[in-house]
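Commentary on secondary and tertiary structure
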Amino acid sequence: MPSTVLLPLLAQGEFCSGQALADALGVSRTAVWKQLNKLSELGLEIESVKGRGYRIPGGIDLLDQAAVTDSLGAQACALMRTLDILDTVDSTNAEAMRRIELGDAAGRVITAEQQSAGRGRRGRQWVSPYARNLYVSVVWQYHQGAAALEGLSLAVGVAVARALADCGLPPVQLKWPNDVLFNGAKLGGILLEMTGDASGVCQVVVGVGLNVRMPQGAATGIDQAWTDVHSIATDGAPSRNTLLAALLDNLLPLLAEFETNGFAPLRDAWQKLDAFSGERVVVHTPGRDLAGIARGVDERGALQLETTTGVQPVFGGEVSLRRAV
Ligand code: BTN
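Residues numbered from 1 in each chain as written. Predicted model: local features only at pLDDT ≥ 70, side-chain atom pairs only at ≥ 80, totals over all residues. Heavy atoms only, no water.

1. Observations concerning the overall build of the protein
The cut-off we apply is this: For the purposes of this entry, the term helix denotes a DSSP run of H or I that reaches at least four residues, the term strand denotes a run of E that reaches at least two, and both are numbered from the N terminus. Based on C-alpha atoms, the radius of gyration is set beside the globule rule, defined as 2.2 Å times the residue count to the power 0.38. A 1.4 Å probe rolled over the protein chains alone gives each residue an accessible area, and that area as a share of the maximum for its type sets the label: buried under 20%, exposed over 50%, partly exposed in between. Charged-residue counts in this description rest on Lys and Arg as positive and Asp and Glu as negative, His and the chain ends being excluded. A charged residue contributes its charge at one atom only: NZ of Lys, CZ of Arg, CG of Asp or CD of Glu.
Looking only at helices and strands, the protein has ten helices and 14 strands in total. By the compact-globule yardstick of 20 Å for 325 residues, the protein fits well, its C-alpha radius of gyration being 21 Å. The principal-axis extent of the C-alpha atoms belonging to the protein is close to 75 × 45 × 35 Å. Out of the 325 residues belonging to the protein, those deemed buried represent 51%. Of note, the protein has its 28 positive side-chain charges centred 5 Å away from the centre of its 34 negative side-chain charges.

Given below as structure tokens:
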């Protein structure tokens, strides 16, 4: 019995007796008890009250294929080949890479309730507790080589910001090259991975992680200021299914248009969301640190860093940016 068989019965946050769960699933009380233990192992809080049964306090917001596809717009629907909602996976990006190796995977969307080895930028771990946040990877194919994809991660940031706005959330900011921030705290991250011909056809995995309702306990592994959708929502938080549909509605058409238009048409939109515009920053690159004033980005998505010797473009990759102290 997968964990998801028992979960929908407890998802509303109401008490359910052990017997009612056993009857609904057609299994023994012992089998139910074992499944409840598995849910605890996933990090879910299971409350047990004598005479009332079991519940997940506050309920749980599970991903649902139909809920997502039913609210997708026509454009995204036409561009999406498949939507896979996995229970647990090491990393949706790693899974997408494996699908690419198996054959043509362009247009596939892979999400999971939990990642056991979520990947962040620069080799970091991405904290991915069960059924709390969004972990999404989209596979897309491009034909003009890796160099033409320079501004793609910035473009994805614009899609994420638009999706959050479509869900009625207050405006977020973007930190070059690809963090989604709210009041300086990290709300989401973007990780692009590529395979194929560096100068021809390449497959790109666009990974987006969005903190939706991060449990405090899980967040001990995060080494920077963070926030989540539930904390920033002023008018009730959207469900994860609503957020996922809005993300795909914005992201899929943007990925398709990027092939022909590149980053240039999104430059203004990105600059309006820029969290560090006009600020003194230090850019850490593998070779050296560069200090200067962040002056937005150019048409390729390179950071325009104003240094003592003039404005110089800085490209993404293994680079990070910090406010100068
Ligand atoms: C960052 O470090 O800011 C990037 C984080 C990207 C996390 C997402 S979650 C979905 C996809 N799968 C992964 O393993 N990583 C990305």
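2. Quick notes on the pattern of salt bridges
What counts is decided by this rule: What counts as a salt bridge is simple: a side-chain nitrogen of Lys or Arg found within 4 Å of a carboxyl oxygen of Asp or Glu.
Within this structure, the stated rule accounts for 14 salt bridges. With a closest N to O distance of 2.4 Å, Arg240 and Glu113 form a salt bridge. With Arg240 in helix 9 (residues 240–261) and Glu113 in strand 4 (residues 108–115), this residue pair connects regions lying 127 residues apart in the sequence. Both residues of the pair, Arg240 and Glu113, belong to the buried class. Across the pair Glu299 and Arg267 runs a salt bridge whose closest N-O atoms are separated by 4.0 Å. Placement of the pair is Glu299 in the loop between strand 11 (289–297) and strand 12 (303–307) and Arg267 in helix 10 (residues 267–273), with a sequence separation of 32 residues. Using a relative accessible area of 24% as the deciding quantity, one classes Arg267 as partly exposed.

3. Details of the environment of Val180
Among the structural elements, Val180 can be located in strand 7 (residues 179–182). With 19 residues separating them along the chain, Val180 and Ala161 place their C-alpha atoms 7.6 Å apart.

4. Here we look at the environment of Asp228
Note the cut-off: The contact criterion used throughout is that any non-hydrogen atoms of two residues lie within 4.5 Å. Whenever a nitrogen or oxygen atom comes within 3.5 Å of another N or O atom, the pair is scored as a polar contact, on the condition that within protein one atom can donate a hydrogen and the other can accept it, and that pairs from neighbouring residues in sequence are kept only if both atoms are in side chains.
Along the chain, the position of Asp228 falls in the loop between strand 9 (202–210) and helix 8 (229–232). Expressed as a C-alpha distance, the spacing of Asp228 and Arg213, which sit 15 residues apart in the sequence, is 5.8 Å. Among all residues touching Asp228, those that are not within four sequence positions of it are Leu187, Asn211, Val212, Arg213 and Met214. Looking at Asp228, its side chain comes within polar contact range of the main-chain nitrogen of Met214, at 2.9 Å.

5. As for the nonpolar core
In plain terms, the rule: Side-chain atoms within 4.5 Å are what join buried Ala, Val, Leu, Ile, Met, Phe, Trp, Tyr and Cys residues into a set we call a nonpolar core.
Counting 68 residues, the largest nonpolar core has Val138 and Leu164 as its most contacted members. Counting residues per element, this core draws most heavily on helix 9, which supplies eleven residues. Counting residues in hydrophobic clusters, the runner-up holds 18 residues, among them Leu7, Ala22, Leu39 and Ile60.

6. A few points about the confidence of the model for the protein
The cut-off we apply is this: Every residue is assigned a pLDDT by the predictor, reflecting its confidence on a scale from 0 to 100.
For the protein, per-residue confidence averages 92 on the pLDDT scale, and 98% of positions sit at 70 or higher. Mean pLDDT across the elements of the protein ranges from a minimum in helix 1 (residues 3–10), with 78, to a maximum in helix 10, with 98.

7. A closer look at the pairing of strand 11
How we decide: In this analysis, strands are considered paired if DSSP registers two or more bridges between them.
Sheet topology note: the strand 10 (residues 280–284)/strand 11 ladder contains five bridges and is antiparallel. By the bridge assignment, His284 is partnered in strand 11 with Asp289. Once strand 10 ends, the chain turns through four residues before running back antiparallel as strand 11. Pairing between strand 11 and strand 12: three bridges, direction antiparallel. Looking across to strand 12, one finds that Ala294 is bridged to Leu305. In textbook terms, the turn of a hairpin is the stretch between consecutive antiparallel strands, and for strand 11 and strand 12 this stretch comprises five residues, one of which, Gly301, has a positive phi near 95°.

8. What to know about the packing of helix 7 (residues 152–166) against helix 9
The geometry of a pair of packed helices is captured by two quantities: the angle between their axes and the separation between those axes. Formally: Here an axis means a line fitted to C-alpha atoms, over the contact stretch when the element is a helix, while the angle between two N-to-C directions is reported on a 0 to 180 degree scale. Each crossing gets its handedness from the near helix: less than a right angle anticlockwise from the far helix is left-handed, clockwise is right-handed. The residue classification treats Ala, Val, Leu, Ile, Met, Phe, Trp, Tyr, Cys and Pro as nonpolar and Asp, Glu, Lys and Arg as charged. All others, Gly included, are polar.
Packing of helix 7 against helix 9 brings their axes to within 8 Å, and their N-to-C directions diverge by 145°. As for how helix 7 packs across helix 9, the hand of that crossing is right-handed. Along its contact with helix 7, which presents Leu152, Ala155, Val156, Ala159, Val160, Arg162, Ala163, Leu164 and Asp166, the element helix 9 presents Leu243, Ala246, Leu247, Asn250, Leu251, Leu254, Leu255 and Phe258. A breakdown of the residues in the contact of helix 7 with helix 9 according to their chemical character gives 14 nonpolar, one polar and two charged.

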